[in-house]
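# Coordinates in review
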Amino acid sequence: MTAGPGPGPAANAPTLVIGEAITDVLTGEDGVRRARPGGSPANVALGLARLGHPVRLATRIGRDGPGRDLHAHLRGSGVVLTPGSFTEGATSTATARLDAAGTAHYTFDITWDPPLAALAASAREPAPARLHTGSIATALAPGADRVFAAVEAARPTATVSYDPNIRPALLTGADRERLRAERFVALSDVVKASEEDLGRLYPGQSPDEAARRWADGSGPALVVVTSGGAGARVFWPGGRCDVPATAVKVADTVGAGDAFMAGLVSGLLHTGLLASADLAGAPGAARARRALREATASAHLDRRVASALSLAARAAALTCTREGADPPTRTELARWAAGDRGR
């Protein structure tokens, strides 16, 4: 595996993830219901922590049994909740029906009104050197506007990644969702979206055309479009390329996109493209942002970006071999790289 950056303020600062943590209730073809921790941003936080990064999660979790289980699950892998993330309300749930291919189809019982204290605490010391958000947290009122304000405030001192992860059951209309997503894209350095996400945001348009517009705009230096078992396509201002998927026996696809996102962010962090190893705050963010722009200024894919994409693809593939959102550790991925793919 690629070695991490040298010690320094930004290297040691945590990654801040803002977004929902929910209980996934998985219902298979056998009709058996299985409750598992989930929520796209929480899954990304979990994936990053398992890959060896310090992570803080600003979220909304009830003080009920499911909330305690969620907290224990996240804490067990090293994710730290920002103060104020607990609420007296019930923990939100998503019911996922798995089809014969292991693909999840969701219905939601969710409230997204993250306590202001949780978001305020996320901006305190140690200041984040990088921030990730997306999914329901960036689309559902009243919390979405609070999240946007938090990202906007953090951007001068942190690089930003974003995954729209559109949930059709919660859509309020393509026009409104598109405008909301584009606001987050404009603040982001790295964006990952599925073909389905882009199809819902831009009905009747090619996903690649939409991704190209995002990459050629004033926001992200890197846009990745995932296509499940068909792999991914990567766009940047200077070019594009394809990333093949790793063939595996699929248990289910729950959390695979989040594992891909965590692997991508992890890989970019280790090569200094999302955080400067020797500077924190605004100078560090500016240096990392400049480095990422320089890495994506050619028609050829930079080897550091290629390495991060390879890590992302392997993380997603390994997650697909297990039930629920269960992203791999760095040790497990290293074992894969060595050819040991036993379960």
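### What about the overall build of the protein?
Check the secondary structure of the protein and you find twelve helices and 15 strands. Overall, the protein is about 50 × 45 × 45 Å in size when its C-alpha atoms are taken along their principal axes. Out of the 343 residues in the protein, the part that is buried amounts to 56%. A total of about 13,500 Å² of accessible surface is found on the protein, and carbon and sulfur atoms cover 53% of it.

### Focus on the sheet that holds strand S14 (residues 232-236)
Spatial strand order, S6-S4-S1-S10-S11-S12-S13-S14-S15: nine strands in an open sheet with mixed pairing. Single-partner strands in this sheet number two, and they are strand S6 (79-81) and strand S15 (239-243). For this sheet the average axis-to-axis angle between neighbouring strands, irrespective of direction, equals 20°. Sheet analysis places strand S12 (residues 190-194) next to strand S13 (residues 222-226), joined by five bridges and oriented parallel. Residue Lys192 lies in a different strand from S13, and its bridge partner there is Val224. Its contacts with the sheet put helix H6 (residues 174-187) on strand S10 (130-134), strand S11 (159-163) and S12, and the angle it makes with S11 is roughly 150°.

### Observations regarding the environment of Leu269
Position of Leu269 relative to the elements: it lies in helix H9 (residues 256-270). Relative accessible area serves as the criterion here: at 4%, Leu269 is assigned to the buried category. Along the chain, Leu269 and His53 lie 216 residues apart, while their C-alpha atoms are 9.1 Å from each other.

### Observations regarding the packing of aromatic side chains
All chains considered together, the criterion is met by three aromatic pairs. With a centroid separation of 5.4 Å and 20° between ring planes, the pair formed by Tyr162 and Phe184 is classed as stacked. With Tyr162 in strand S11 and Phe184 in helix H6, the pair connects residues that are 22 residues apart, well separated along the chain. Linked through ring pairs, Phe148, Tyr162 and Phe184 together constitute an aromatic cluster. The aromatic ring of Tyr202 is capped on one face by Arg213, whose charged end is 5.1 Å from the ring centroid.

### Here's the deal with the confidence of the model for the protein
For the protein, per-residue confidence averages 88 on the pLDDT scale, and residues scoring 70 or more make up 92% of the total. Contacts of residues 1-7 to residues separated by more than four positions or lying in other chains number 16 contacts, the stretch itself having pLDDT below 50.

### Quick word on the packing of H9 against helix H11 (residues 303-320)
Contact geometry of H9 with H11 gives a least axis separation of 7 Å together with a crossing angle of 150°. Overall, the two elements H9 and H11 adopt an arrangement that is roughly antiparallel. As H9 runs across H11, the sense of the crossing is right-handed. When H9 is examined against H11, the residues Ala256, Ala259, Phe260, Gly263, Leu264, Ser266, Gly267 and Leu268 are found in contact with a partner set consisting of Val305, Ala308, Leu309, Leu311, Ala312, Ala313, Ala315, Ala316, Thr319 and Cys320. Tallied by class, residues from the contact of H9 with H11 come to 14 nonpolar, four polar and no charged.

### Some remarks on the pairing of S13
Summarising burial for S13: five of the five residues are buried, a large majority. Alternating positions in S13 separate into two faces, Leu222, Val224 and Thr226 on one and Val223 and Val225 on the other, with burial throughout. In this structure, S13 lies alongside S14, joined through four bridges in antiparallel fashion. Bridge pairing links Val225 to Arg233 in S14. Once S13 ends, the chain turns through five residues before running back antiparallel as S14, passing Gly228 with a positive phi of about 60°.

### Some details on the pattern of salt bridges
Applying the stated criterion across every chain yields a total of 18 salt bridges. The partner of Arg304 in a salt bridge is Asp302, and the shortest N-O contact between them spans 2.9 Å. Looking at Asp302, the relative accessible area reads 18%, which means it is buried. As a salt-bridge pair, Arg322 and Glu332 come within 3.0 Å of each other at their nearest N and O atoms.

### A short note on helix H8 (residues 207-216)
For H8, the complete set of buried residues consists of Asp208, Ala210, Ala211, Trp214 and Ala215. Taken end-on, H8 shows its buried residues confined to a sector of 160°, consistent with a single buried face.

### Considerations on the pairing of S15
Here S15 shows a clear split, with Gly239, Cys241 and Val243 buried on one side and none of Arg240 and Asp242 buried on the other. Bridge count between S14 and S15: five bridges; the pairing is antiparallel. From the neighbouring strand, Val234 faces S15, where its bridge partner is Cys241. What sits between S14 and S15 in their antiparallel hairpin is a turn of two residues.

What counts as what
- Residues numbered from 1 in each chain as written.
- Predicted model: local features only at pLDDT ≥ 70, side-chain atom pairs only at ≥ 80, totals over all residues.
- Heavy atoms only, no water.
- Helix = DSSP H or I, 4+ residues; strand = E, 2+ residues; numbered from the N terminus.
- Buried < 20%, exposed > 50% of the residue type's maximum accessible area, 1.4 Å probe, protein only.
- Areas by Shrake-Rupley, 256 points an atom, 1.4 Å probe, with all protein chains shown as cover.
- Pairing = 2+ DSSP bridges.
- Axes fitted to C-alpha atoms, helices over the stretch in contact; angles between N-to-C directions.
- Contact = heavy atoms within 4.5 Å.
- Phe/Tyr/Trp six-rings, centres within 6.5 Å; stacked < 30°, edge-to-face > 60°.
- Lys NZ or Arg CZ within 6 Å of the ring centre and 35° of its normal.
- pLDDT = per-residue confidence, 0-100.
- Parallel < 35°, antiparallel > 145°, perpendicular 65-115°, else oblique.
- Left-handed = near helix turned anticlockwise from the far one by under 90°.
- Nonpolar A, V, L, I, M, F, W, Y, C, P; charged D, E, K, R; others polar.
- Salt bridge = Lys/Arg side-chain N within 4 Å of Asp/Glu carboxyl O.
- Arc of directions from axis to C-beta.

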